[in-house]
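# Understanding the architecture of this molecule
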Amino acid sequence: VLTAGFTHTLGTLTVGSGGQINVTNNGATKNVTSYTLATSGTGRVNLSGSHLFLSGGSLNNAGVVDFASDFGVLANGGTNLFSNTGTVTKSAGTGTSQISVPMNDANGSWTPATGAISLTNGSSGASSGSMSVSGAGRVSFDGGIFTLSGINVAAGGTAGAGGGNARFANGGTWATGSNLLLTGGSIGGAGAISYLGTGTWSGGDLGIGGGTLTVGNGGQINVTNPGVTKNVSSYTLATTGTGRVNL
């Protein structure tokens, strides 16, 4: 159980298979300072009662990071990174868990069961593979520029942008039964996105990068909120089959 402080020297603590750290006691600041906290296998870091701060530190997740309440991984000075090749979930809390440090994803899974995971400081480093999104919660790109390889949103999953700019070099998919929520920022990139879900576009843009989002059979994007300009900018929005864009 991590209730106060953390380590302040260069090095790494890895939570391996079967291991677990519960971050609690929100009244005390917990910093990862000039250090790396990592997970692997089934190793877990659970934010059940407090934020976790990075101060020139890294959280490298190849296991599980669980936002088990409405707490987040937040910047506290220095150059920081949240790197995911494992699973990021949100098992409790109907509000928002924020990641306010730059993130990098390489074939990671994002599986919020409730609430929202909000990414607010763009991406850093090389991205590979596709980030996978599933679960009843939501993943939202809410600040900064995200230069990512790809995205796959499963049935029941929701991903979108609320102020951040997500650019997918190799495109991706929103599967049948998935959801797009675009309220600000942009979704775009050079790749081709196959969209088969149901989406609400109330703000922000599709664009930048020269790619294409194709609304395919059964897919639908509802363009709402007439007081806000929605642009398709250096990008292509297409429909095919029974795919629909509803103004």
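Data block above holds the structure.
Notes on the structure in this doc start here. Computed from a predicted structure; not experimentally measured. (Residues numbered from 1 in each chain as written. Predicted model: local features only at pLDDT ≥ 70, side-chain atom pairs only at ≥ 80, totals over all residues. Heavy atoms only, no water.)

## Some points on the overall build of the chain
When its secondary structure is counted, the chain shows zero helices and 28 strands. Taking 247 residues into account, the globule formula puts the C-alpha radius of gyration at 18 Å, and the chain, at 18 Å, falls close to it. Here the chain holds 247 residues, and the buried ones make up 47% of them. For the chain, the computed accessible surface area is about 9,100 Å², with 49% contributed by carbon and sulfur atoms. Seen as two clouds, the 7 positive and the 5 negative side-chain charges of the chain have centres 4 Å apart. (Helix = DSSP H or I, 4+ residues; strand = E, 2+ residues; numbered from the N terminus. Rg over C-alpha atoms; globule rule 2.2 N^0.38 Å. Buried < 20%, exposed > 50% of the residue type's maximum accessible area, 1.4 Å probe, protein only. Areas by Shrake-Rupley, 256 points an atom, 1.4 Å probe, with all protein chains shown as cover. Lys, Arg positive; Asp, Glu negative; His and termini not counted. Charge placed at Lys NZ, Arg CZ, Asp CG, Glu CD.)

## Quick notes on the packing of aromatic side chains
By the definition in use, this model includes four aromatic pairs. Centroid distance phenylalanine 141 to phenylalanine 146: 4.9 Å. Interplanar angle 65°. Geometry classified as edge-to-face. Phenylalanine 141 gets classed as buried once you look at its relative accessible area, which sits at 1%. On the basis of an interplanar angle of 45° and a centroid distance of 6.0 Å, the ring pair of tryptophan 174 and tyrosine 195 is categorised as tilted. (Phe/Tyr/Trp six-rings, centres within 6.5 Å; stacked < 30°, edge-to-face > 60°.)

## Here's the deal with the side chain of threonine 114
Along the chain, threonine 114 falls in the loop between strand E12 (109-112) and strand E13 (116-119). Side-chain polar atoms of threonine 114 contact the backbone oxygen of glycine 93, separated by 3.5 Å. The contact partners of threonine 114, leaving out residues within four places of it in the chain, are Lys90, Ser91, Ala92, Gly93, Thr94 and Gly137. (Polar contact = N/O pair within 3.5 Å; in protein donor to acceptor, adjacent residues only side chain to side chain. Contact = heavy atoms within 4.5 Å.)

## Some remarks on the environment of lysine 230
Mapped onto the secondary structure, lysine 230 falls in the loop between strand E25 (220-223) and strand E26 (231-233). Residue classification places lysine 230 among the buried positions, given a relative accessible area of 19%. C-alpha of lysine 230 to C-alpha of leucine 206: the two residues are 24 residues apart in sequence and 7.9 Å apart in space. Once residues within four sequence positions are removed from consideration, lysine 230 is found in contact with Trp201, Ser202, Gly203, Gly204, Asp205, Val223, Thr224 and Asn225.

## Observations concerning the pairing of strand E9 (residues 87-90)
Strand direction decides the pairing type here: strand E6 (residues 58-66) and E9, joined by three bridges, are parallel. Paired with valine 65 across the two strands is valine 88, which belongs to E9. As defined by bridge partners, E9 adjoins E12 across four bridges and the pair is classed as parallel. Bridging from a neighbouring strand, lysine 90 pairs with proline 112 of E12. (Pairing = 2+ DSSP bridges.)

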